[in-house]
Amino acid sequence: MRFNITDAVKHLIIINVVMFIGTVTLGDGLLFKRLFTMYFPTNDLFQPWQVVTHMFMHGGPAHLLFNMFALWMFGTPVEQRLGSKKFLFIYFSAGFGALLFQLGYYYVDYFTAMQSVADLNMSSELLNKIINIDATSGQYIKGEILQQKMMPILNEANFNTNISSSNFAGLFNLNVVNTSAMVGASGCIMGILAAFGMMNPNAKLMMIFLPIPIKAKYFIPGIILLDVISALTGQSFFSPSNTAYMAHVGGAVIGFVVMYFWKKNEKDKYRWN
């Protein structure tokens with residue numbers, strides 16, 4: 001079988017690989033992560049350029065390999081059909097859509113948690129210090145670590161350390177949201193996958209873990225539905241538990257919307273007035 005790859009897809013893969021090499025080799029593996037990962041806007045590490053750069057960051061070799069394989073597999077036929085400009089428009093539009101969906105999901109949790117700590121009457125400066133505490137152990141944030149690191153900060157501010165369990169739960173949830181980070185091209189690729197499905201609805205696709213061929217018009221909506229269920233329940237089906245599920249949904253929705261209007265406008269050109 002001949003290996004085909006289009007120009008835009010090739011350059012996107014190169015950029016992603018270069019960024020990953022920089023991530024694992026420079027600054028003890030922290031420099032690129034701190035600069036180019038997408039942090040929640042209240043996080044001290046947030047920078048405006050991260051809304052773009054996070055699309056070229058990946059959490060590990062498997063994450064990078066899977067996304068680049070999907071980009072080549074689905075991106076090449078989409079670019080061949082639409083051309084580089086339209087392909088890139090869908091790619092980055094889906095990436096921004098993925099970011100907005102995931103941030104919107106995070107903000108719901110953020111404001112809910114803010115309501116649960118409102119009665120503490122904590123200053124914004126003190127609250128900002130607490131929600132920016134690094135309470136991670138491995139890949140998870142631990143309540144006991146947050147409590148241990150929070151006590152000296154409260155004492156220094158002469159703040160009452162006798163915090164109720166409900167208030168602490170609110171502070172913990174704020175810390176979780178605030179320290180959440182987004183990396184990866186998955187949202188962009190979900191947009192390309194949606195575009196591929198609209199152009200090739202009867203193409204048969206299958207998952208590595210479920211080697212049963214399914215038509216794209218059923219397969220892709222099924223994947224999106226699973227992501228919605230995972231986002232609402234926390235139950236992971238085929239992705240790691242720390243996956244930004246709503247980013248997948250957002251990317252796919254934007255890819256579908258863009259392709260829908262392009263196809264509609266194309267039909268309108270040849271419609272009798």
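The model shown is predicted, which means the values in this text are computed figures rather than measured ones.

A. Quick peek at the overall build of the chain. Each helix and strand counted, the chain has 11 helices and 6 strands in total. Based on the C-alpha atoms only, the size of the chain along its principal axes is roughly 70 × 45 × 40 Å. Within the chain, the proportion of its 273 residues that are buried is 43%. Here the chain displays about 15,500 Å² of accessible surface, and carbon together with sulfur accounts for 62% of that area. Distance between charge centroids for the chain: 19 Å, based on 18 positive and 13 negative side chains.

B. Representation of the packing of helix α6 (residues 124-131) against helix α8 (residues 165-178). For the pair α6 and α8, the least separation of the axes is 8 Å and the interaxial angle reads 65 degrees. Relative to α8, α6 is oriented roughly perpendicular. Residues L127, I130 and I131 of α6 form the contact with α8, whose participating residues are L171, L174, N175 and N178. Across the contact of α6 with α8, the residue classes tally to 5 nonpolar, 2 polar and no charged.

C. Region of the structure containing the nonpolar core. Grouped together as the largest cluster of nonpolar side chains are 44 residues, with contacts concentrated most on L71, F87, Y91 and L205. Among the elements of the structure, α1 (7-25), α2 (31-36), α4 (61-82), α5 (84-116), α9 (186-199), α10 (216-233) and α11 (245-269) are those that each provide at least two residues to this core. For this core, the element with the most residues is α9, which contributes 9 residues. Each residue touching L205, except ones within four places of it in the same chain, is listed here: F74, L193, F196, I212, P213, I214, A216, F219 and I220. Membership of the second largest hydrophobic core comes to 31 residues, among which are M38, L103, L126 and I130.

D. Fine view of the packing of aromatic side chains. As enumerated under the stated definition, the model contains 16 aromatic pairs in all. Summarising the aromatic geometry, the rings of F56 and F92 are spaced 6.2 Å apart at their centres and angled 55 degrees between planes, so their arrangement reads as tilted. With F56 in the loop between α3 (50-53) and α4 and F92 in helix α5, this residue pair connects regions lying 36 residues apart in the sequence. Residue class for F56 comes out buried when judged on its relative accessible area of 10%. Note on F92: relative accessible area 24%, which makes it partly exposed. When the centroid spacing of 5.9 Å and the interplanar angle of 40 degrees are considered together, the rings of F89 and W262 count as tilted. Here the residue F89 occupies a position in helix α5, and W262 occupies one in helix α11, the gap between them amounting to 173 residues.

E. Fine view of α6. Of the positions making up α6, those classed as buried are L126, L127, I130 and I131. End-on view of α6: buried residues confined to an arc of 130 degrees, all on one side of the axis. Facing away from the buried side of α6 by over 90 degrees, the exposed positions are S124 and E125. Those residues of α6 hidden inside the fold are in contact with α5, α7 (143-156) and α8.

F. Spotlight on the packing of α4 against α5. Two elements in contact, α4 and α5, have axes separated by 7 Å at closest approach and are oriented at 130 degrees. If you check the angle between α4 and α5, you find them oblique. Considering the relative orientation of α4 and α5, their crossing is right-handed. The residues of α5 that touch α4, namely those facing L71, G75, V78, E79 and L82, are S84, K86, F87, I90 and Y91. When its residues are assigned to classes, the contact of α4 with α5 shows 6 nonpolar, 2 polar and 2 charged.

Reading guide: rules and limits
- Residues numbered from 1 in each chain as written.
- Predicted model: local features only at pLDDT ≥ 70, side-chain atom pairs only at ≥ 80, totals over all residues.
- Heavy atoms only, no water.
- Helix = DSSP H or I, 4+ residues; strand = E, 2+ residues; numbered from the N terminus.
- Buried < 20%, exposed > 50% of the residue type's maximum accessible area, 1.4 Å probe, protein only.
- Areas by Shrake-Rupley, 256 points an atom, 1.4 Å probe, with all protein chains shown as cover.
- Lys, Arg positive; Asp, Glu negative; His and termini not counted.
- Charge placed at Lys NZ, Arg CZ, Asp CG, Glu CD.
- Axes fitted to C-alpha atoms, helices over the stretch in contact; angles between N-to-C directions.
- Parallel < 35°, antiparallel > 145°, perpendicular 65-115°, else oblique.
- Contact = heavy atoms within 4.5 Å.
- Nonpolar A, V, L, I, M, F, W, Y, C, P; charged D, E, K, R; others polar.
- Core = buried A, V, L, I, M, F, W, Y, C linked by side-chain atoms within 4.5 Å.
- Phe/Tyr/Trp six-rings, centres within 6.5 Å; stacked < 30°, edge-to-face > 60°.
- Arc of directions from axis to C-beta.
- Left-handed = near helix turned anticlockwise from the far one by under 90°.

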